[in-house]
Amino acid sequence: MGYDAALAFNDSRHRDRVIGLTEGPLEAARLGPPFCAVMGKFLHYEQAKWCKVFDRVVLAMQNDDASTGVAEKTASLLDIMNIPLEVIKPPDEFKDFGEMHPDQVTPILEDILK
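Report follows, based on the coordinates. (Residues numbered from 1 in each chain as written. Predicted model: local features only at pLDDT ≥ 70, side-chain atom pairs only at ≥ 80, totals over all residues. Heavy atoms only, no water.)

Okay, the overall build of the protein chain next. Looking only at helices and strands, the protein chain has 5 helices and 4 strands in total. Taken from the N to the C terminus, the helices and strands of the protein chain come in the order α-β-α-β-α-β-α-β-α. Relative to the compact-globule value of 13 Å for 114 residues, the protein chain shows a C-alpha radius of gyration of 13 Å, a close match. Counting only C-alpha atoms, the protein chain reaches 35 × 30 × 20 Å along its principal axes. Burial statistics for the protein chain: of 114 residues in total, 42% are counted as buried. When contacts within the protein chain are restricted to residue pairs at least 6 apart in sequence, long-range pairs at least 24 apart make up 66% of them. Surface exposure of the protein chain reaches about 6300 Å², of which carbon and sulfur atoms provide 54%. The centroid of the 12 positive side-chain charges in the protein chain is displaced by 5 Å from the centroid of its 19 negative side-chain charges. (Helix = DSSP H or I, 4+ residues; strand = E, 2+ residues; numbered from the N terminus. Rg over C-alpha atoms; globule rule 2.2 N^0.38 Å. Buried < 20%, exposed > 50% of the residue type's maximum accessible area, 1.4 Å probe, protein only. Contact = heavy atoms within 4.5 Å. Areas by Shrake-Rupley, 256 points an atom, 1.4 Å probe, with all protein chains shown as cover. Lys, Arg positive; Asp, Glu negative; His and termini not counted. Charge placed at Lys NZ, Arg CZ, Asp CG, Glu CD.)

This is how it looks when you write it as structure tokens:
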């Protein structure tokens, strides 16, 4: 789990290079590589620079009010760097992906990591 795992995940792919971002480590652990925890509510410029080696970023949001601001700020920052962003959210009955069973997460990941 983490940045190195995201790099290794992409080394075995023959598609676009993707990194996933989550707010905390439990969500990153549930989603697995290529997801990394931002360890806070916002992606900072120094963290965003590390995303430049990837073709796109997938932001795994939480189902709370603060996440809307997170998505907007992250989108703005990555747009400046010309890095495409895709935003995903768990189903409404879950606060975040960390609350979901792995069997519930797999179909979501298969769709976005094709």
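That was the structure; now back to the text.
Moving on, we get to the pairing of strand β3 (residues 56-60). Most of β3 is tucked away: 5 of the 5 residues are buried. Alternating positions in β3 separate into two faces, Arg56, Val58 and Ala60 on one and Val57 and Leu59 on the other, with burial throughout. In the sheet, strand β1 (residues 18-22) pairs with β3 via 4 bridges, with the strands oriented parallel. By the bridge assignment, glycine 20 is partnered in β3 with valine 58. The pairing of β3 with strand β4 (residues 85-88) spans 4 bridges and is classified as parallel. (Pairing = 2+ DSSP bridges.)

Now for unusual backbone geometry. Between proline 33 and the following residue, proline 34, the backbone shows a cis peptide bond with an omega angle of 15 degrees. Mapping proline 34 onto the fold places it in the loop between α2 (25-31) and β2 (35-37). At asparagine 82, a position not held by glycine, the phi torsion is positive, near 60 degrees. Of note, asparagine 82 is situated in the loop between α4 (66-80) and β4. We classify asparagine 82 as exposed; its relative accessible area is 68%.

Keep in mind these numbers describe shape, not what the thing actually does.
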